[in-house]
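Observations on the model geometry
Here's the letter readout for the chains.
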Amino acid sequence: MVFSSEQEKILETLAQVCSAFSMAGTLFIVVHSIYFKSHNSSTRMIAWLSLADFLTAFALSFGSSLVSHYEFCQAQGFLMQISGVSSIFWTCCIAYSMYVGAKHHGWRIERSPWCTHFFCWCVPVAIAFVVFKFSSYSNSGIWCWISNDDKVVQWVAFYGLVAAALVFNLVCYALSLISWKAQLHQINAIGVAEAVQLRMSLKLSRYTIVFLVIWTAAFINRLIFLISGELYFISMIFHVVCVSSQGLLNACVYGQLTTRFVQSIAWVSSVTRLSMDMNHPAPRLIEVLVDEESSEKYTNR
C-alpha cells in the first residue's frame, strides 16, 4: 500500500529519533573502548560493530530529506548499504567468536584481523558498488536506498544476507547454549583459560540476541512485501524502530548484563559448596568469570 503523508512523517520521525539515540550509544561504545585501550578481542569487535551501526544511524537520520537531491540520495543509499552489510558481517563474526569461546576450540577470528576487516568492510563496499552499477539508489520510501521496485536486487544484495546471517547466528547461539549449560554444571572441572573464554562467550551472546530480535522483525516485514507486494504500516513501524535502534540496544547491553548473569548462575550451581574449600580452584574461576579486570589479565591478545 501507499502510505499517506502523515504516516510517512510518523515513520520518518521514528527513524530520526531512534537513530539519534543510536548514534549517541554507539559513540559511547567506540569512545569507551578507545579511551581504555582495551586489548580484549571481543571488545574490539563490539567497537567495530558499533562503528558500522553509527554509520547506519547517521544515514537514517537524514530521512527523506535527500530524496530530491540526486547526489546526496546516492550517497545516503551507498552509505546505508555499506554500513548495513558491514554490521551484519560483524555480528556474524561475533556469533562465531561466541561459539568458539563456548566450545574452547576452533579458528579464532582475532588471529587474522586483516582477513576479518576485509570481510566486514571491503566486501560490503564491493556489494554497494555492484548495486550502484546495476540498480543505483533512489527513493525507497522514507529514505534513499535500493528502490522497492527492485525486489530482486534488495534480496540478493541485502535481505538474502540477512536471512543467512539470522540462520548462522541462531545456530551459533543454540550450540553455545548447549555448551554453556554443560560447563556451568561442571564449573570445578574447567581451567582459568577456559573460564576466560566462557566469560567472553557469554558477553558476546548479548549482541547476537539483539541482532536476532532486530533483524527478525525487519526480515518478516520484507518477506511480507516480497510475497504480497504490500507494505503495512504496523509492520513498517516495527521495521523502522528496530533497525534504527540497533546501536542504542547494543549500547544498553554493553558491559552490563554478563557479570550479573554469570555471577548468578555460577553461585546457584556450585559456588556455595565449593567456597567452603578456599584451596579449591573454583573460587578463582568464579573471580575470572565475574570480574572484568581479572578476565582481561588472561585474555589472549
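I will try to describe carefully the structure that is included in this document. (Residues numbered from 1 in each chain as written. Predicted model: local features only at pLDDT ≥ 70, side-chain atom pairs only at ≥ 80, totals over all residues. Heavy atoms only, no water.)

As for the environment of His239
Which entries qualify depends on this criterion: Going along the chain from the N terminus, every DSSP run of H or I of four or more residues is numbered as a helix, and every run of E of two or more is numbered as a strand. Only protein chains enter the accessibility calculation, which uses a 1.4 Å probe; a residue is then buried when its area is under 20% of its type maximum, exposed when over 50%, and partly exposed in between.
Here His239 lies in helix 7 (residues 233–244). Classification of His239 by relative accessible area gives buried; the value is 3%. Residues His239 and Ala217, 22 residues apart in the sequence, show an inter-C-alpha distance of 5.9 Å.

Considering the state of the cysteines
Any covalent bond linking the sulfur atoms of two cysteines counts as a disulfide. Just so we agree on the cut-off: Disulfides are defined as pairs of cysteine sulfur atoms found within 2.5 Å of each other.
Inspection of every chain in the model, using the stated rule, returns 1 disulfide. Of all cysteine sulfurs, the one in Cys242 lies closest to Cys18, which takes part in no disulfide; the gap is 8.9 Å. The cysteine Cys92 is free of any disulfide, with Cys93 supplying the nearest cysteine sulfur at 7.1 Å.

Quick notes on the nonpolar core
One broad trend across soluble globular proteins is that nonpolar side chains are buried collectively. Filter applied, for reference: Only buried residues count toward a nonpolar core. Its members are Ala, Val, Leu, Ile, Met, Phe, Trp, Tyr and Cys residues joined through side-chain atoms within 4.5 Å. By definition in these notes, contact holds between two residues if any of their heavy atoms fall within 4.5 Å.
Trp143, Phe158, Val162 and Trp215 are the most contacted members of the largest nonpolar core, which has 64 residues in total. The element that contributes the greatest number of residues to this core is helix 6 (residues 192–228), accounting for 13 residues. Sequence-distant contacts of Trp143, defined by excluding residues within four places in its chain, comprise Ala15, Leu60, Gly63, Ser64, Gln76, Met80, Ser138 and Val240.

A short note on empty space enclosed by the protein
Quick reminder of the rule: Here a cavity denotes a set of grid points, spaced 1 Å apart and computed over the protein atoms alone, in which a 1.4 Å probe fits but from which it cannot get out, and a pocket denotes an open set meeting protein on both sides within 12 Å along at least five of seven lines; residues with an atom within 4 Å of a point are reported as lining. Grid points are joined across faces, edges and corners, and a volume is the space filled by probe spheres set on the points. Here the nonpolar group is Ala, Val, Leu, Ile, Met, Phe, Trp, Tyr, Cys and Pro; Asp, Glu, Lys and Arg are the charged ones; every other residue, Gly included, is treated as polar.
Enumeration according to the criterion identifies 3 cavities of 30 Å³ or more in this entry. There is about 160 Å³ of room inside the largest cavity. As for the largest cavity, its lining consists of 13 residues, and the residues nearest its centre are Met80, Phe158, Tyr159, Trp215 and Val243. For the lining of the largest cavity, the secondary-structure elements that each account for two or more residues are helix 2 (41–60), helix 3 (70–103), helix 5 (151–184), helix 6 and helix 7. The element that contributes the greatest number of residues to the lining of the largest cavity is helix 3, accounting for 3 residues. Taken together, the residues of the lining of the largest cavity break down into 8 nonpolar, 4 polar and 1 charged. Reported here for the second largest cavity is a volume of approximately 70 Å³. Surrounding the second largest cavity, Ser22, Asp53, Thr56, Ala57, Ser83, Gly84, Ser87, Trp215, Val243, Ser244, Gln246 and Gly247 form its lining. Here the lining of the second largest cavity is built from residues that sort into 3 nonpolar, 8 polar and 1 charged.

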